[in-house]
Amino acid sequence: MAYPISISAQSERQVKDTKSIPFGKQPTEHMFISEYKDGQWQNSRIVPFAELTMSPFALCLHYGQTVFEGMKAFHTKDGRINIFRPDKHYDRFVKSLDRMCMPEVPKSLFMEALHQLVQLDGAWIPEEADGSLYIRPFMIASEERLGVKVADEYLFMIVATPAYQYYAKPLKVKVEDTYSRAADGGTGFAKCGGNYGGAFYPTQLAREAGYDQVIWTDSKTHELIEESGTMNLMFVINGTLVTPPLSGTILDGITRDSLLAIAKDKGLQMEVRPVNVHELKQALEAGQKIEAFGAGTAAVIAPIETIAIDGKEYTCYIAEDAMMYQLQKELYDIRHGNAPDNHNWNYII
Ligand SMILES: Cc1ncc(COP(=O)(O)O)c(C=O)c1O
C-alpha cells in the first residue's frame, strides 16, 4: 500500500549559522506529520515547522503514551547526505510502540517521510566536522479522552535539529545505588517518554552533587551496570572492550551495536557480559588502566574521566591512545563515506 505524502514547502525560516545554539533548540524548516484515525494512517504531509493544536483532554498529556527515536544524518565526503542505520531505528521504534500499545507505522511510510524531510531540509546539516542533523521521529496518543485507556488516535511526526559535539569535556559520573531507571518486566528497553521523566529526579540530585550523569544499576541489587542517561555504557578492561548484555531494562543502542560490530571487524578483544560494580571498583582501586565511555546517537562517544562508586571517586583512562577514540574514528569514517560501509549501514539520499 502506498502512503502519499503532500509537501507544502513554503517556509519563512532561513538556514542560518547554528553552531552557537544549544542542542535541540533550533528546528529545521519543515516537519512531517501523519494522523492515525479509524485504524489507518492518513493525511501524511510535510509542512513548515509549526506549533501543534491539541485538546487538553489528549491522552498523551495524561497517561504517557509517547514513543520516540533519535537518529542522525551526515554529509559524506562526496557531497551526499547519509542517514545512519534508519532500518535499525525503525525496528526499535516498532518494538517501543508495541510495548506501549501504539499502532505500528508502516516501514514504507516511515522511510519515505524520513527521506523527503531530510532531502528538503538537507541544507540544515552543518558543514563542520562535528556537525550532523539530529532527526526525531515520534508518536503521541492524540485522542481526546480523559479516561485511562489505550488511545484510538495518534500523531506520528518527524522533526529535526542541527547538532554538534554534545559534551564539551569528559564526564564525571556517579554509580546510582538508590534509585532505578527500569525494572524487570517494565519499559526500560522501550524509548518511551516515561523512562526519561522518571530519570530526571535522581539525575538532578547527581547534578547537585557535581556529577554530569548517573550510571544506572539493576533495580534489585544495584550491583550490575546498566546504562547512563541517553547512552549505553562501554568499558575497556585489560585491553578488552566490555559492555553489559541487552536485557529488558536497557535500550538496544544503535551506537553500541555499531561499535561492537566495528570492534569485531578489527579483531579487537570484546566481551558482552554483566559488568559488576565491585569488579570495576577493585580494578580501579588496584590502579588498573580502565576506559569508561557512553555510546549514543547524540553524544556518539562520551569519555568518562571520573566515576564515583560508593561515594569514592576514581579516575578512568582518557589519553589520546585510548581504544574508544579509535572506535569513534572508525564510526566517523563509515558515516562520512571515508571508509567502506561493509555492513550497509548508510542510507544515502
Ligand atoms: C536510555 C538510552 N540508552 C541508550 C541510548 C543510546 O542509543 P542509540 O545509540 O541508539 O542512540 C539512548 C539514546 O537513544 C537512550 O535514550
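Explain the overall build of the protein here, please?
Check the secondary structure of the protein and you find 7 helices and 18 strands. For 349 residues, the compact-globule estimate of 2.2 N^0.38 gives 20 Å, and the protein sits close to it at 21 Å. Expressed as lengths along the three principal axes of its C-alpha atoms, the size of the protein is roughly 60 × 50 × 35 Å. Considering the protein as a whole, with its 349 residues, one finds that 39% of them fall into the buried category. A separation of at least 24 residues holds for 71% of the contacts in the protein among residues at least 6 apart in sequence.

Would you explain the pairing of strand 16 (residues 300–309) in this entry?
On a regular strand, each side chain points to the face opposite its neighbour's, so the side chains alternate between the two faces of the sheet. In this sheet, strand 16 lies alongside strand 9 (residues 171–175) in parallel orientation, the contact comprising 4 bridges. Across the sheet, K172 pairs through a bridge with T306, a residue of strand 16. One ladder, built from 4 bridges, connects strand 15 (residues 290–296) with strand 16; its direction is antiparallel. Paired with G296 across the strands is V300, a residue of strand 16. Connecting strand 15 to the antiparallel partner strand 16 that follows it, the hairpin turn spans 3 residues. As paired strands, strand 16 and strand 17 (residues 312–315) are joined by 4 bridges and run antiparallel to one another. Opposite A308, over in strand 17, you have E313 as the bridge partner. The hairpin formed by strand 16 and strand 17 contains 2 residues between the paired strands, and D310 there has a positive phi angle of roughly 50°.

Whenever I open this one, the site of the ligand confuses me. Can you help?
Near the ligand the following residues occur: G70, E227, T230, M231, N232, L251, G253, I254, T255, R256, G296 and T297. Mapped by element, the contributors of at least two residues to the shell around the ligand are strand 12 (231–237) and helix 5 (254–265). Here the element with the most residues in the shell around the ligand is helix 5; it accounts for 3 residues. Residue classes in the shell around the ligand are distributed as 3 nonpolar, 7 polar and 2 charged.

Any chance you could explain the nonpolar core here in plain terms?
What tends to happen in soluble globular proteins is that the nonpolar side chains get buried as a cluster. In terms of nonpolar packing, the biggest core is built from 81 residues, with L133 and I135 touching the most fellow members. Viewed by domain, this core spans two of them, domain 1 (6–165) and domain 2 (171–335), each represented by three or more residues. Not counting the four nearest positions on each side in its chain, I135 is found in contact with M71, K72, A73, L114, V118, I158 and A160.

Looking at this structure, I do not really get the pairing of strand 7 (residues 132–141). What am I missing?
Of all 10 residues in strand 7, 8 are buried; the element is thus mostly enclosed. Examined bridge by bridge, strand 4 (residues 66–68) and strand 7 share 3 bridges and lie antiparallel to one another. Paired with T66 across the two strands is I140, which belongs to strand 7. Strand direction decides the pairing type here: strand 5 (residues 71–75) and strand 7, joined by 3 bridges, are antiparallel. The residue of strand 7 that forms the bridge with A73 is L133. Relative to strand 8 (residues 154–163), strand 7 runs antiparallel, the two sharing 10 bridges. Of the residues in strand 8, the one forming a bridge with A141 is Y154.

So what exactly am I meant to see when it comes to the environment of H62 here?
Counting through the fold element by element, H62 comes out in helix 1 (residues 60–63). Separated by 191 residues in the primary sequence, H62 and G253 place their C-alpha atoms 28 Å from one another.

Help me out: how do you make sense of the packing of helix 5 against helix 7 (residues 323–335) in this one?
For any two helices packed against each other, one specifies the crossing angle of their axes together with the interaxial distance. Taken N-terminus to C-terminus, the directions of helix 5 and helix 7 make an angle of 100°; their axes are 10 Å apart at the nearest point. With respect to helix 7, the axis of helix 5 lies roughly perpendicular. From helix 5, S258, L259, I262 and A263 reach across to helix 7, where they touch L327, E330 and L331. Its residues assigned to classes, the contact of helix 5 with helix 7 shows 5 nonpolar, 1 polar and 1 charged.

About the criteria used
- Residues numbered from 1 in each chain as written.
- Predicted model: local features only at pLDDT ≥ 70, side-chain atom pairs only at ≥ 80, totals over all residues.
- Helix = DSSP H or I, 4+ residues; strand = E, 2+ residues; numbered from the N terminus.
- Rg over C-alpha atoms; globule rule 2.2 N^0.38 Å.
- Buried ≥ 20, exposed ≤ 12 C-beta atoms within 10 Å, placed from the backbone.
- Contact = placed C-beta atoms within 7 Å.
- Pairing = 2+ DSSP bridges.
- Near = placed C-beta within 6 Å.
- Nonpolar A, V, L, I, M, F, W, Y, C, P; charged D, E, K, R; others polar.
- Core = buried A, V, L, I, M, F, W, Y, C linked by C-beta atoms within 7 Å.
- Domains from an automatic or database assignment.
- Axes fitted to C-alpha atoms, helices over the stretch in contact; angles between N-to-C directions.
- Parallel < 35°, antiparallel > 145°, perpendicular 65-115°, else oblique.

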